[in-house]
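Observations on chain architecture
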Amino acid sequence: MDLTYTEEEEDFRARLREWLALSLPKLPAKPDPLDWPGRRAYDTGWQRMLYDAGYADVHWEAAPTQRLIFLEETERAGAPYVGANFVGLLHAGPTIAAEGTAEQRGRWLDPILRGDEIWCQGFSEPDAGSDLASLRTKAVRDGDAYVVTGAKIWTSHAEVADWCELLVRTDPDAPRHRGISWLAMPMDAPGVTVRPLRTLAGSAEFAEMFLDEVRVPVANRVGAENDGWRVTMVTLSFERGTAFVGEVVACRRTLGELAAAARENGTWDDPLLRRGLGRLHAEFSALWRLIQWNVSESQQTGSVPGVGGSVFKLRYSHARQQLYETAAGVLGPDAFDLDRQWTANRLSSLSYTIAAGTSQIQQNIVAERILGLPKGR
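Residues numbered from 1 in each chain as written. Predicted model: local features only at pLDDT ≥ 70, side-chain atom pairs only at ≥ 80, totals over all residues. Heavy atoms only, no water.

1. Notes on the packing of helix α1 (residues 7–23) against helix α2 (residues 36–53)
Put simply, the rule reads: To obtain an axis, a line is fitted to C-alpha atoms, over the contacting stretch when the element is a helix, and the angle between two such axes runs from 0 to 180 degrees between their N-to-C directions. Put simply, DSSP H or I for four residues or longer makes a helix, DSSP E for two residues or longer makes a strand, and each gets a number counted from the N terminus. Angles are sorted into four bins: roughly parallel if under 35 degrees, roughly antiparallel if over 145, roughly perpendicular if 65 to 115, and oblique for all others. Helix crossings are classified by the rotation of the near helix relative to the far one: an anticlockwise turn of less than a right angle makes the crossing left-handed, while a clockwise turn makes it right-handed. Whether two residues are in contact is decided by their heavy atoms, any of which lying within 4.5 Å being enough. Polarity classes work like this: nonpolar for Ala, Val, Leu, Ile, Met, Phe, Trp, Tyr, Cys and Pro, charged for Asp, Glu, Lys and Arg, and polar for all others, with Gly in that last group.
As a packed pair, α1 and α2 sit with axes 12 Å apart at the nearest point and diverge in direction by 135 degrees. On the basis of their axis angle, the class for α1 and α2 is oblique. Note that α1 runs across α2; the crossing there is right-handed. Counted together, Trp-19, Leu-20 and Ser-23 of α1 and Trp-46, Met-49, Leu-50 and Ala-53 of α2 form the full contact between these two elements. The residue makeup of the contact of α1 with α2, split by class, is six nonpolar, one polar and no charged.

2. Points about the pairing of strand β2 (residues 138–142)
Quick reminder of the rule: When DSSP finds two or more bridges between a pair of strands, those strands are recorded as paired.
Pairing geometry for β2 and strand β3 (residues 145–152), over five bridges, is antiparallel. Residue pairing for β3: Lys-138 is matched across the bridge by Thr-149. The loop that links β2 with its antiparallel partner β3 comprises two residues; one of these, Gly-143, has a positive phi angle of about 70 degrees.

3. A few points about the packing of aromatic side chains
Applied cut-off: Each pair of aromatic rings taken from Phe, Tyr and Trp, with Trp reduced to its six-membered ring, is defined by centres within 6.5 Å and is described as stacked if the planes are under 30 degrees apart, edge-to-face if over 60, and tilted in the remaining cases. Note on exposure labels: buried denotes an accessible area under 20% of the residue type's maximum, exposed denotes more than 50%, and partly exposed covers the range between, all computed with a 1.4 Å probe on protein chains only. In this scheme, Lys NZ or Arg CZ marks a charge over a ring once it lies within 6 Å of the ring centre and within 35 degrees of the ring normal.
Applying the stated criterion across every chain yields a total of eight aromatic pairs. Ring centres of Trp-19 and Tyr-55 lie 5.3 Å apart, and the angle between their planes is 55 degrees; on these two criteria the pair is classed as tilted. Here the residue Trp-19 occupies a position in helix α1, and Tyr-55 occupies one in the loop between α2 and α3 (64–76), the gap between them amounting to 36 residues. A residue is classified by how much of its surface remains accessible, and Trp-19, at 17% relative accessible area, is buried. You can call Tyr-55 buried: its relative accessible area is 9%. Ring geometry for Trp-154 against Phe-206: centres 5.9 Å apart, planes inclined by 90 degrees, an arrangement best described as edge-to-face. Placement of Trp-154 in the loop between β3 and β4 (163–169) and of Phe-206 in strand β7 (residues 206–217) is noted, with a sequence separation of 52 residues between them. Between Arg-39 and the ring centre of Trp-36, over which it is positioned, the NZ or CZ distance is 3.9 Å.

Structure below.
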């Protein structure tokens, strides 16, 4: 596999870098981190700028190498990331593109790319988080609609979302990995109640969601009825395989900032700290190469990201935690100032071994699907 960039790809980089230099100064001031309606407007405004410039579909239609260049350059320039639009752009949209009908792709994909509609994720439940297949939210067929009743938790950006990628149980008598369906649910449907959850860092990007006989058209089902577990694996392959790519670029930048801060405040003289920073540099460089390998494999096979995404997710989750533990050693008391982004990132890093599939789940996937080991009991 050739991991170098071609002349054509470097030309794409140069044109993108020029566009970013002209466009970023036109952005309005960033809203307060706790102002999610404001953040939605800011994030979707940026998405519309990308759309008008021809860069909105880079996550879906562009060659994988162009996608990596896009992420490198936007992060280097300090451009906004997908923000409130991440479920639509990185999870629901790619899933609909891969599994949806022509009508579904026509209905939902362009509004996501334009930034017109925001999606949230309704997978986890109070009693079905890591063990997602034990979900209980039920959907009963009633003519041309499903009547949905149940509860979801950790529903990302539910309070500002227009649509929800929702997992429901459509056959309660089937084995638990069967009888599940993947629905696109309008968030303004009668019977949907959203209650924001405040995190330790003070943000409220997650919510509880209660569904009381919500009617969802059968036409909104992506994939066949009771085939939702397979469709969900497609969603999760995108979530674990490519959704964190921009964050790796950001972590590499953060590592450089930490090294600069260490030289400035004198902690660079500590050989153990320098060794730790060196190891993190090697770790994130290796993760970037793994990303390149994963997206190249997808390009060559024409398939969705494979189990290599679990290898990446497993190692990245722990590397991110190590990064912000090291930041505490470099910054000292400043690393624990609640007004600083360092603190928010440190606290959020603790969730990465749980979010998008726990590290234990990823270890099982690697053991069974890559190493060929028998399933654990």
